[in-house]
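As a plain string of letters, each chain reads:
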Amino acid sequence: MFHELSFLFLFLPGVWLAARLAGLAHRLGPALVLAGASLLFCWLLDRSTFAFCCLYALGNLAGARLLARRPSSWLAGAVVAANILVLGFYKYTGFLLSSLPHPAGPPWPHLEILAPLGLSFIVFRAISAALEIKSGRMARFGCLEYLLYLMYFPTFLAGPIATFQEVSPQLESGANRSDWPGIAAGLGFLGVGLFKKMVLAGNLAPLSVGAFQAASTGGALHFVEAWGAALAYTFELYFDFSGYSDMAIGVSRLFGIRLPANFNAPYRAASIREFWRRWHITLSRFLRDNLYIPLGGNRKGTARTFLNVMAVMGLCGLWHGAGWTFLVWGLLHGACLAADNLWRLRPAWLNPGGRFPRTWTLLCWTASFLTVVLAWVVFRAATLEGAMAMWKVMFTPTSNLFLPLGAPGTGPAPFEYLPGWRVFLLPEGILPHFGGWSQLGWLGASFCIVLALPTTQAWLAALDPVPAPGPEGEFPLRPWHPGPGTVRALVSGGLFAAGVAAVWFATTPSPFLYARF
Amino acid sequence: MRRFCLLFLAPLALAVALYCALLVLAFGQEVRGNQAICWIVGLVQQKSRGASLLEGRKVLFIGGSATHYGLRAGLFTGRTGLQAYNFGTNAGLGLPYLLEEAKGVLKPGDVAVLLPEFILYHGETVDEVFSKVTFSRGSTFPLSLPWPKLVTWLRNIGPAHLLRGALRRLAPRPGEVACSDSAVLTAQGDVARYFTESLQPREFQQSLDQAQHDLSLWIDPSGGDPAAHPPARALKAFKAWCDARGIVVLASYPNVYFDPEWAARPSFHKYLEGIEALYRADNIPFLGDFASACYPRELFLETHYHLGPQGAARRTEDFARLFCAATTLCR
């Protein structure tokens, strides 16, 4: 894992040095070192599934070579189907058996098949490569290139899901081009990513556990606790996954290989459509190019577009995990995207943002953000019942807001800010699933970071621009502009140092959330 | 860009320097943020001080909390006429460290009685208790650990501990209650006040019920031969150290409530044989057998190895008899 000291201070410098030295000896040296390092990474990650991953990659290589020689639709279909079957077997067999109605008699056996780490991502890379080869975009490629694309250690565990075409030309010669701007940008991405994961996500993670557990076990929950937990998870997931993606991009950049950006300030999005252009960008692109467009996209009428969106988002939900909660999460987003599509078909005279564009954008942002937060609740909940329980508490109107922020011994002294609305400051600890000032502080800091600070790629753009994922959005607040190079270097280095300190003092392991999808 | 890379690494270098400074400043300073650890630190401090103050030959009982709660050094002195000290502290510290602490108070002519809990025969655990206690004691013992364990030891000392320790070193507060005040002991290291006084009998019962069948708490079933684990080497080195100073070393089983279910396990008797063989190999006389260290359930406190006042008195009487029968030291 990228956030382990052994990776940061042994594996990474060792591989980097070996790649540099190998580059001096032979043109293909760095690629061979990267291939060896990727195998070692895979082996260290999960020894029990190492052999499977190797066989799987070799099987796909055979399929890809055949496809390159005879690029037929049925062969491409067979490669894609084989990959989906493997994914389906590992991820969905248990879920299907537990969901299928069984006739009277003994129930279906409970099956829990342990999927190899990173399987969901390697399958998508294999499918992407097969379709690119079939379309002729990648008609010529080497075996080393292909295997490295599938197993490349910076993207092995959780992406970004780069296309074969994007990465392939860089893989064979990329490490030779590793230069100071690339190293500077790589270090910058690594520092920011480590900070996001270890300091921000690491401190937000425990803030949502209690409330979600209480909701799933029928425990008592308060309005403040439910919203506090939902927001904490919203930010945790973003910092965790975008931190991982930043680190993957940074590690790769150290070897001279550019990966596409995966996030672009998603919580500044003023619509769900915009959110999906900013959240897990490479997954959205994969689904759009390989599923939504082949299904007909928006070219076959409104009803068919609606169905296509729902199908794609339903599958997107299931890809994240085999469970009803993930499916509902995907369908919720699908419904919102469909509603967004319908709204865009409105007559020209219906233009609420015409006169007050900033206010309208702010309203749209609020609605979109709250929708995303509510959808994360079902994504995080252990069961649908648990999610319903959380939603119920979140929507229970109350005119008495109890905030557990008072000093010990504080009595319930109400403060009236609005007529009929009273705020009580209670001693901390009264609400067991709300962390008091500490939780409020982390949530406030998270809001400031996602709304007012630049994205990692914007922060480091001056060093070595990453392919821009698009503008930073319509959000009314303009992000803080990065200062001069010295400040940027010191701040990035400071974030890296803080991340390393958090890793050093961590008492429990904190795996990346997306690694289990 | 080279400048960027250098500046990028500057905060890390600064953080490492600050960390080293905090380590140096906080080393040997008590942790008072964690009550349980502070209690153990206080216990080790008091016992080290108390045992080193004794003049003349002494019998030193070495072990974890089973020894602390299981024996009465004062009563032992009364029965045998030998000056004794209860040096039982906490099994979480590991046998090598307990022996290292004992070395600090043993003098030529003394008798060291080893009563390690079974778990002490397995591995060197570098957990939070061990790390914080040794750090607070200012012990250099962890420096002898293999480097991955040394890293774990350092990582277990959290930033709050370091900051508090450094502040205490730079600005000592004279009126502050020290960890050594938390354990109440007699002049011979015996328990003077039980922590369980505040607990309800029902809580004892629940705790004992949970623990009594859990053999793994007490004996590691997968542990195999105790001679194959690092503490065996520490034991051998300790014996050699004692031999060089004319210190007599004896050993026995720790007091425990015996659950008959354990006897049904085939590996159990083999395991006990392994322990006795370990001492035989080092020429350390072993006192009594497993049955002689087993006591009825009603004599225990909240676990199956912490004896209550009556249990400790009975255990001490039994042990004094065993001791006198095996040695020629008693009057």
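The structure under discussion appears in the preceding block.
What you see is a predicted model; the values in this text were computed from it and never measured.

Engineer: So what about the overall build of chain B? Which residues, and what values?
Structural biologist: The helix and strand tally for chain B stands at 14 helices and five strands. By residue count, 51% of the 331 residues in chain B fall in the buried class. In chain B, once contacts between residues fewer than 6 apart in sequence are set aside, the share between residues at least 24 apart is 82%. With an accessible surface of roughly 14800 Å², chain B has 59% of that area assigned to carbon and sulfur atoms.

Engineer: Describe helix α10 (residues 223-254) of chain A, naming the residues involved and giving the relevant values.
Structural biologist: A rise of 1.5 Å per residue sets the reference length of α10(A), with its 32 residues, at 46 Å; its end C-alpha atoms lie 46 Å apart and thus fit the reference within 8%. Phi turns positive one or two residues past the end of α10(A), at A:G256, with a value near 80°.

Engineer: Explain the packing of aromatic side chains residue by residue, including any values.
Structural biologist: Describing an aromatic ring pair means giving the distance of the ring centres and the angle of the ring planes. Residue and element names in this part refer to chain A. The tally for this structure, following the rule as stated, stands at 70 aromatic pairs over all chains. Taking the centre distance of 6.3 Å and the plane angle of 35° together, the rings of W343 and W360 count as tilted. Of this pair, W343 sits in helix α14 (residues 324-344) while W360 sits in helix α15 (residues 357-380); the two residues are 17 residues apart in sequence, bridging distant segments of the chain. Using a relative accessible area of 36% as the deciding quantity, one classes W343 as partly exposed. Overall, the relative accessible area of 29% leaves W360 in the partly exposed class. The cationic tip of K91 hangs over the ring face of W319; the distance from NZ or CZ to the ring centre is 5.5 Å. Note that R380 overlies the ring of Y233, its terminal NZ or CZ placed 5.7 Å from the centroid.

Engineer: Go over helix α19 (residues 485-505) of chain A, please, and point to the residues and values.
Structural biologist: Its 21 residues place the ends of α19(A) 30 Å apart at the C-alpha level, agreeing with the 30 Å of an ideal helix rising 1.5 Å per residue. Every buried residue of α19(A) is listed here: A:R488, A:A489, A:S492, A:G493, A:L495, A:F496, A:A497, A:G499, A:V500, A:V503, A:W504 and A:F505. On its buried side, α19(A) packs onto α1 (5-25), α9 (180-217) and α18 (456-459) of chain A together with α1 (2-26), α7 (147-155) and α8 (159-170) of chain B.

The rules we used
- Residues numbered from 1 in each chain as written.
- Chains lettered and ligands numbered in written order.
- Predicted model: local features only at pLDDT ≥ 70, side-chain atom pairs only at ≥ 80, totals over all residues.
- Heavy atoms only, no water.
- Helix = DSSP H or I, 4+ residues; strand = E, 2+ residues; numbered from the N terminus.
- Buried < 20%, exposed > 50% of the residue type's maximum accessible area, 1.4 Å probe, protein only.
- Contact = heavy atoms within 4.5 Å.
- Areas by Shrake-Rupley, 256 points an atom, 1.4 Å probe, with all protein chains shown as cover.
- Expected span 1.5 Å × (residues − 1).
- Phe/Tyr/Trp six-rings, centres within 6.5 Å; stacked < 30°, edge-to-face > 60°.
- Lys NZ or Arg CZ within 6 Å of the ring centre and 35° of its normal.

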